[in-house]
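Next come the chains, spelled out residue by residue.
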Amino acid sequence: MTIVNPRSQDVRLALVLSGGGLRGAAHVGVLRQLVRHGIPLHAIVGVSAGAVIGAYYAAVGLTLDDLIADAESFRGRHLLAYSLNVQSGYRLERRFDTWCGVIPARLRQLELATFDRLHHGVQRLGVVCHDVTSNRPRYFATGSDRGLRLHEAVRASASIPRLFPAISVQCDGQELRLTDGGVSDDVPVAFARDPIIGATHVIVSDARWLGRVPATDDATVWIRARTAATGTIWSPHRGLVATVRSGEAAVTDDVLGRIRRWFPNREPNGHPDQRIALPTAAAANASNATPSITRLNADTNASSIAPRTASR
């Protein structure tokens, strides 16, 4: 077991984005607040909906304005239409494209993205999938993609069971059947602290439906947005903007204060693209060490990595 000692080196901060279906739009609000306040993100690790948000921001390079515009226009019916398209084997793709909202265009962008060409100052990107055959999580990351293309990993991680089929992929010379990573590791904190990601400190954005927030240590901040108006596959009539705002509201001054204490000798300065002069959080809102990723993939089950304290 390799231990990452946060006292012996510079802070390397990972943002962990949970599963949660369309409630994952809250991740955009959390991310927006962190960027507003200049919090530097060394890495983003995502599962299911979190993998989608993380990949579009860090790998595709979408701006926060892009992500918020997508949330404003997105409807649950777009996801259901895309599910029917996939279930039909894409035989009616041209017709379904008009019913799927922004999904087809964004997927085409994702196909051009990689784990290794990242944006907005992010240096590492991690995605969690569930291996149907071995019934365990699989972990893919910058520098350890195991031959899997990013868009394959993200599509698999976000393949909600019963809505989308498992995806067959080639990985390290073997065929895997991968599906929604939330099946086995819904909040991959241990993955974020794995040496391949290398986080010394972790911020969790938790968009799941039920369950308690677990006790955390001084190097972990857990953010739970209130998203009762949004479901896993259904959204409010006005889209997901309210869900984004719920994510923003969850990043309180207290949360920001705890994060700033990780940077005792300086103000946290984000990537130049992230430095946005805005009011304090209150004003804005008013408007553990793990084995290497190879071992995690090879012989670790979900319960030994991160006990699930809440359901989706």
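How each quantity is defined
Here the residue numbers are simple positions, counted from 1 along each chain's written sequence. Local features are withheld for residues below a pLDDT of 70 in this predicted model, meaning they are given only at 70 or higher, and side-chain atom pairs are given and counted only at 80 or more; totals for whole chains, interfaces and linings count all residues. Here the side-chain values reflect all heavy atoms present in the structure, with hydrogen atoms and water set aside. Think of a salt bridge as a Lys or Arg side-chain nitrogen and an Asp or Glu carboxyl oxygen that are within 4 Å of each other. The way it works is that DSSP assigns letters per residue, a run of H or I at least four long becomes a helix, a run of E at least two long becomes a strand, and they are numbered from the N terminus. Counting rule for disulfides: a pair of cysteine sulfur atoms within 2.5 Å. We call a residue buried when its accessible area falls under 20% of the maximum for its residue type, exposed when it is over 50%, and partly exposed in between, using a 1.4 Å probe and counting protein chains only. We call two residues in contact when some of their heavy atoms are within 4.5 Å. A fitted line through C-alpha atoms serves as each axis, taken over the contacting stretch for helices, and the angle formed by two N-to-C directions is quoted from 0 to 180°. Here the angle decides the label: under 35 degrees means roughly parallel, over 145 means roughly antiparallel, 65 to 115 means roughly perpendicular, and every other value means oblique. If you view the pair so one helix is near and one far, a crossing is left-handed when the near helix is turned anticlockwise from the far one by less than a right angle, and right-handed when it is turned clockwise. Put simply, Ala, Val, Leu, Ile, Met, Phe, Trp, Tyr, Cys and Pro go in the nonpolar bin, Asp, Glu, Lys and Arg in the charged bin, and everything else, Gly too, in the polar bin. For this analysis, a nonpolar core means a set of buried residues of the types Ala, Val, Leu, Ile, Met, Phe, Trp, Tyr and Cys, connected via side-chain atoms within 4.5 Å. Pairing of aromatic rings covers Phe, Tyr and the six-membered ring of Trp, with a centre-to-centre limit of 6.5 Å; geometry is then stacked below 30 degrees between planes, edge-to-face above 60, and tilted otherwise. Following DSSP output, two strands are said to pair if at least two bridges run between them. The pLDDT value expresses, per residue, how confident the predictor is, ranging between 0 and 100.

Caption draft 1: Just the pattern of salt bridges, in detail. Evaluation of the coordinates by the stated rule reveals 10 salt bridges. Across the pair Asp217 and Arg193 runs a salt bridge whose closest N-O atoms are separated by 3.8 Å. Separated by 24 residues along the polypeptide, Asp217 in the loop between strand E7 (201-206) and strand E8 (220-224) and Arg193 in helix H8 (residues 189-193) bring together distant segments of the chain. One salt-bridge network, in which partners are shared between bridges, spans Arg32, Arg36 and Glu248.

Caption draft 2: Summary view of the state of the cysteines. This structure, assessed with the given rule, holds zero disulfides. The structure places no disulfide on Cys171, whose sulfur is separated from the nearest cysteine sulfur, that of Cys129, by 9.3 Å.

Caption draft 3: Looking closely at helix H7 (residues 150-157). The element H7 is extensively covered by neighbouring structure, given that seven of its eight residues are classed as buried. Burial in H7 covers these residues: Leu150, His151, Glu152, Ala153, Val154, Ala156 and Ser157. Where H7 is buried, its residues touch strand E2 (43-47), helix H2 (49-60), helix H6 (103-110), strand E3 (124-131), strand E5 (167-171) and strand E6 (174-180).

Caption draft 4: A look at the packing of helix H1 (residues 25-36) against H2. One way to put it is that H1 packs onto H2 with a least axis distance of 10 Å and a crossing angle of 40 degrees. What the angle tells us is that H1 and H2 run oblique. Crossing handedness for the pair H1 and H2: right-handed. Each of His27, Val28, Leu31 and Val35 in H1 lies in contact with H2, whose residues at this interface are Gly50, Ile53 and Tyr57. Partitioned by chemical class, the residues of the contact of H1 with H2 number five nonpolar, two polar and no charged.

Caption draft 5: Fine view of the nonpolar core. Ranked by size, the top nonpolar core spans 68 residues in total, and within it Leu34, Leu150, Ile203 and Ile259 carry the most contacts. The biggest single contributor to this core is H2, with eight residues. With residues up to four places along the chain from it excluded, the contact list for Ile203 reads Leu13, Ala14, Leu15, Val16, Leu34, Ile39, Val221, Ile223, Ile259 and Trp262. Counting residues in hydrophobic clusters, the runner-up holds 17 residues, among them Val47, Ala141, Ala192 and Trp222.

Caption draft 6: Local environment of the packing of aromatic side chains. Taken as a whole, this structure holds one aromatic pair when the rule is applied. Consider the rings of Tyr139 and Phe191, whose centres lie 4.8 Å apart with planes at 55 degrees: the pair is tilted. Placement of the pair is Tyr139 in strand E4 (residues 136-141) and Phe191 in helix H8, with a sequence separation of 52 residues.

Caption draft 7: Local environment of the pairing of E8. Within E8, four of the five residues are buried, which leaves it mostly tucked inside the rest of the structure. Strand direction decides the pairing type here: E7 and E8, joined by five bridges, are parallel. Among the inter-strand pairings, Val202 is bridged to a residue of E8, identified as Thr220.

Caption draft 8: Structural context of the confidence of the model for the chain. Mean pLDDT over the chain: 81, with 75% of residues reaching 70 or higher. Every residue in residues 1-8 scores below 50 in pLDDT, and together they form 14 contacts with partners more than four places removed in sequence or on other chains. Predicted confidence for residues 272-291 stays below pLDDT 50, and this span has 44 contacts to residues more than four positions away or in other chains.

Caption draft 9: Region of the structure containing helix H9 (residues 241-250). Most of H9 sits inside the fold, with seven of its 10 residues counted as buried. Taken as a whole, H9 has its buried residues at Val241, Thr243, Val244, Ser246, Gly247, Glu248 and Ala250.

Caption draft 10: Representation of unusual backbone geometry. Residue His120 is not a glycine yet carries a positive backbone phi of 60 degrees. Mapped onto the elements, His120 comes out in the loop between H6 and E3. Here the phi dihedral of Arg146 falls at roughly 55 degrees; this positive angle occurs in a residue that is not glycine. Topologically, Arg146 is positioned in the loop between E4 and H7. Classification of Arg146 as buried rests on a relative accessible area of 16%.

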